[in-house]
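Residue-level listing of the chains:
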Amino acid sequence: MARPVKKSNRPCDDPRLDYKDLETLSKYLTPQGQIHARRRTGYCSKCQRELKQAIKRARHMGLLPFVGS
Amino acid sequence: MNLYEGMFLLDNNVVREDWNEAKGTATGILEKHGASVTTARRWAERSLAYTIKKRNRGTFLLVHFEADPGNIAIIRRDLELNETVMRYLILTAEGVPEGESELHEAELSGDFSVPEPPEDHVVDSDEEEAEEGEGATEEAKAEEAKAEEAPAEEAKAEEAPAEEAKAEEAPAAEESATEEAEAPAEEASESSEEQTEEKSSEEA
Ligand SMILES: [Zn+2]
């Protein structure tokens, strides 16, 4: 699980963000359903991508709304 | 054989009639193509974040299964064509999470019963379009695109650090690996990055 070490609010080797963990994912969404920007999450780009991917999956499954919907 | 996690959004009308039948629809498709189901259990029944196939609620089935990666494309195709499965997601998995086996077993026991899904208000087709028009475009498209694409194959595309990594994020070394049998939905856009990741996860 070695990941590039980068400054991040989230240890990169934390368990992966799971699309099923809606409680966690919701924390990274604005009330409009947009994903918080990286400067706000403080994630390294890799973790941010992981976040986006998890949210995308959740959206696909109808678990989270799309922006504006 | 690789291990996968599958999530299936099932039509509550079928669930209401018979959970095992609804579940069997999904697992049956997997098995039909040589997959072996390790665990399968009801994950949740809930309202949907947006209308899908005119439904506002659905039941989610969580499955872990082993399959030949070469069969994922055909499994996907069958899933596309199935009416009971309204959405699905197939990801590669590193293992079966703790507790899944117990939940799986519990459903097999005689006294397991599924709470009746609440009534849904069925939406007219016009509304449904709206749903897909918005941000959903990629996903929605993917829905249709599914049939033609063979994402599983492409997923094999070797390492290539996913050029795609999009403007928003630098391509960061792609090693997240764990679960990338990416969903059909993703193909439209950023998928390739994800799919390349999958490769690494499938090497096991
Ligand atoms: Zn990180």
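The preceding data block contains the structure.
Residues numbered from 1 in each chain as written. Chains lettered and ligands numbered in written order. Predicted model: local features only at pLDDT ≥ 70, side-chain atom pairs only at ≥ 80, totals over all residues. Heavy atoms only, no water.

**Examining the pairing of strand E4 (residues 85–92) of chain B**
Residues and elements named next belong to chain B. Here E4 lies mainly inside the structure; 8 of its 8 residues are buried. Both strand E1 (residues 2–10) and E4 contribute to a ladder of 7 bridges, which runs antiparallel. Paired with Met7 across the two strands is Leu89, which belongs to E4. (Buried < 20%, exposed > 50% of the residue type's maximum accessible area, 1.4 Å probe, protein only. Helix = DSSP H or I, 4+ residues; strand = E, 2+ residues; numbered from the N terminus. Pairing = 2+ DSSP bridges.)

**Some thoughts on unusual backbone geometry**
Residue and element names in this part refer to chain B. Unlike most non-glycine residues, Lys53 shows phi in positive territory, near 50°. Assignment of secondary structure puts Lys53 in the loop between strand E2 (36–52) and strand E3 (55–67). On the basis of relative accessibility, which here comes to 35%, the residue Lys53 falls in the partly exposed class. Positive phi is not limited to glycine here, since Lys54 has a value of about 65°.

**Let's talk about the side chain of His33 of chain B**
Tracing the chain through its elements places His33 of chain B in the loop between helix H2 (19–32) and E2. Not counting the four nearest positions on each side in its chain, His33 of chain B is found in contact with Asn71, Ile74, Ile75 and Asp78 of chain B. (Contact = heavy atoms within 4.5 Å.)

**Quick look at the packing of aromatic side chains**
Residues and elements named next belong to chain B. This structure, assessed with the given rule, holds 4 aromatic pairs over all chains. Judged by centre distance (5.4 Å) and plane angle (20°), the ring pair of Tyr4 and Phe65 falls under stacked. Of the two residues, Tyr4 is situated in strand E1 and Phe65 in strand E3; the sequence distance between them amounts to 61 residues. Taking relative accessible area as the criterion, Tyr4 reaches 0% and is therefore assigned buried. You can call Phe65 buried: its relative accessible area is 0%. (Phe/Tyr/Trp six-rings, centres within 6.5 Å; stacked < 30°, edge-to-face > 60°.)

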